[in-house]
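# Notes for the structure review
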Amino acid sequence: MKMQVSEMLAQQKMTKEMLVELLGLTGQTDRQTVLDHALAVKAASVGRKVYLRGLIELSNVCGKNCFYCGIRAGNKQVHRYTLAEKEVIDAAVFAWKHQFGSLVIQTGEQSGEGFALLIEQLLIRIHEHTRHELTITLSCGEQPAEVYQRWKKAGADRYLLRIETTNRQLYYTIHPNDAHHAYENRLEALHHLRNSGFQVGTGVMIGLPGQTLENLADDLLFFQKMDVDMVGMGPYIEHADTPLYSLADTLRPPKERFELSLLMIALLRINMPYINIASSTALETLDPLGRQKGLLAGANVVMPNLTPVSDRVNYQLYNNKPNLDKDASTSTASLNTVISEIGETIGFAEPGNSLHFKRRTAK
Ligand code: SF4
């Protein structure tokens, strides 16, 4: 006999079949039951608190050619930039003075000693200028284990390395099939990060061309198997200057990708109650209330953009990224208002570390 939605939600461990069924729900009442359950799980585990990560897009220089990405090396339309140290320190001090508690430093994937040193020194300088009161997440791609260890030692706390899809075949639909983009390297890098002592985050895109609900259920099971501490995932949004754009007419409609993303967040929260989950900017691109809806589906982290406005336009992984023209102080003030309106509280000046990480490392 077929299980009711509420029965599936009450399971200790959801099977792949259950996840597929829940992701495929089309009735508004059933979908809302899942979202409401996720919000209750969030309230009981990590609480209704939202952590801020001031996002600094340090550099859009990238050596890779992922087929979906607007700043891929092959896109010659992009003006390449790397922020000056002063710009990074100014953004970090802004975050510190506004009690963000935490930063994310994101770059395209670069390699070599020069890049390793740049990040290492920035970490040290940021901590000096902010009295070691900010926690820092890095998102700088695949690196050798020793580079990860250096960055950890220099003061990085968390690392986000999105796998984008855990299905190997689909992975090579959205990446070149060569040694430079090998699926196995991605997995290995995630293991190195874990062994280096980071709070480890990964994530996927939702609604990729050819992606099935089974693929997405496998992604959710992968996060559990990898025992990750945080996840950043959101809808796939096509970028016109990329090879994957040729499949744009095969995509699910944006509304469907958005709703599927909310269900993914909700099911992740239900199955991994103590991890940090970001309410991604991509959600806001597809729905003006996307960020709030992500929080109400179980997410507990938002990332206000602190990149100088003049450079932000050059860091577009996908089309129509929101808030390209708002300066940090404007978007931060409005964020505080919208977050309290939905009954959540910002954890000002709190590091916002993953409770899942604390629990797994306390064992
Ligand atoms: S997704 Fe990341 S690694 Fe891939 S091309 Fe874009 S910035 Fe580079």
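First things first, this report covers the structure right here in the doc. Every residue gets a number counted from 1 within its own chain, in the order that chain's sequence is written. pLDDT decides what is reported in this predicted model: residues at 70 or higher carry local features, side-chain atom pairs at 80 or more are listed and counted, and totals for whole chains, interfaces and linings draw on all residues regardless. The basis for the side-chain values is all heavy atoms of the structure; hydrogens and waters are excluded.

## A closer look at the site of the ligand
- Throughout, the term near means that a residue has one or more heavy atoms lying within 4 Å of the molecule or strand in question. Neighbouring the ligand are the residues Cys 62, Lys 64, Cys 66, Tyr 68, Cys 69, Ile 71, Arg 72, Gly 108 and Glu 109.
- More than half of the atoms belonging to the ligand lie within 2 Å of the grid points that define the largest cavity.
- Following the grouping adopted for this structure description, the nonpolar residues are Ala, Val, Leu, Ile, Met, Phe, Trp, Tyr, Cys and Pro, the charged ones are Asp, Glu, Lys and Arg, and the polar ones are all others, Gly among them. Tallied by class, residues from the shell around the ligand come to 5 nonpolar, 1 polar and 3 charged. Cavities and pockets were defined on a 1 Å grid built over protein atoms only: a cavity is a set of grid points that admits a 1.4 Å probe from which the probe cannot escape, a pocket is an open set flanked by protein on both sides within 12 Å along at least five of seven lines, and lining residues are those with an atom within 4 Å of any such point. To decide whether a molecule occupies a pocket or cavity, check its atoms: if more than half lie within 2 Å of the grid points, it is inside.

## Considering the pattern of salt bridges
- In what follows, salt bridge is the name for a side-chain nitrogen of Lys or Arg lying within 4 Å of a carboxyl oxygen of Asp or Glu. Using the criterion set out here, one finds 23 salt bridges in the structure.
- Here Glu 120 ties to Arg 150 by a salt bridge, and the two come within 2.8 Å at their closest N and O atoms. Of this pair, Glu 120 sits in helix H5 (residues 113-129) while Arg 150 sits in helix H6 (residues 145-153), placing them 30 residues apart in sequence.
- Throughout, exposure labels follow a simple rule: accessible area from a 1.4 Å probe, protein chains only, divided by the maximum for the residue type, with under 20% read as buried, over 50% as exposed, and the rest as partly exposed. You can call Glu 120 buried: its relative accessible area is 17%.
- As a salt-bridge pair, Asp 287 and Lys 293 come within 2.8 Å of each other at their nearest N and O atoms. For the purposes of this entry, the term helix denotes a DSSP run of H or I that reaches at least four residues, the term strand denotes a run of E that reaches at least two, and both are numbered from the N terminus.

## Description of the side chain of Ser 354
- Looking at where Ser 354 falls in the secondary structure, it is placed in the loop between strand E11 (345-346) and helix H15 (355-362).
- Of note is the side chain of Ser 354, whose polar atom sits 3.1 Å from the backbone nitrogen of Phe 357.
- For this analysis, residues touch if any pair of their heavy atoms sits within 4.5 Å. Here Ser 354 is in contact with Gln 199, Asp 229, Tyr 274, Ile 275 and Asn 276, once residues within four sequence places are set aside. In the analysis that follows, any N or O atom pair within 3.5 Å is treated as a polar contact, provided that within protein one partner can donate a hydrogen and the other can accept it, and provided that, for residues neighboring in sequence, both atoms belong to side chains.

## Some words on the environment of Ala 43
- Relative to the helices and strands, Ala 43 resides in helix H3 (residues 28-45).
- Each C-alpha atom, one on Ala 43 and one on Gly 298, is 8.7 Å from the other, the two residues being 255 residues apart in sequence.

## Here's the deal with the layout of surface pockets
- Grid points are joined across faces, edges and corners, and a volume is the space filled by probe spheres set on the points. There is about 370 Å³ of room inside the largest pocket.
- Taken together, 18 residues make up the lining of the largest pocket; nearest its centre are Lys 13, Ile 270, Asn 271, Met 272 and Pro 273.
- Contributions of two or more residues to the lining of the largest pocket are made by helix H10 (254-271) and H15.
- For the lining of the largest pocket, the element with the most residues is H15, which contributes 3 residues.
- Estimated volume of the second largest pocket: approximately 290 Å³.
- What lines the second largest pocket is a set of 16 residues, among which Gln 32, Leu 35, Phe 258, Leu 262 and Lys 293 lie closest to the centre.
- Broken down by secondary-structure element, the contributors of at least two residues to the lining of the second largest pocket are H3, H10 and helix H12 (290-296).
- In terms of residues, the lining of the second largest pocket owes the most to one element, H3, which gives 6 residues.
- Residues of the lining of the second largest pocket, tallied by class, amount to 8 nonpolar, 2 polar and 6 charged.

## Quick word on empty space enclosed by the protein
- Scanning the model with the defined rule gives 2 cavities of 30 Å³ or more in all.
- Quantified by volume, the largest cavity comes out at close to 970 Å³.
- Residue lining of the largest cavity: 46 residues in total, with Gln 106, Arg 162, Glu 164, Tyr 315 and Leu 317 positioned closest to the centre.
- When contributions to the lining of the largest cavity are tallied by element, the ones reaching two or more residues are strand E2 (54-59), strand E3 (102-107), strand E8 (230-235) and helix H11 (281-286).
- Per element, the largest residue contribution to the lining of the largest cavity is 4 residues, and it comes from E8.
- Counted by class, the lining of the largest cavity contains 23 nonpolar, 13 polar and 10 charged residues.
- Its boundaries defined by the atoms lining it, the second largest cavity holds a volume of some 150 Å³.
- Along the walls of the second largest cavity sit Arg 53, Val 104, Thr 137, Leu 160, Met 230, Val 231, Gly 232, Asn 276, Ile 277, Ala 278, Val 301 and Met 303, which together make up its complete lining.
- Secondary-structure elements contributing two or more residues to the lining of the second largest cavity are E8 and strand E9 (276-279).
- Here the residues of the lining of the second largest cavity sort into 8 nonpolar, 3 polar and 1 charged.

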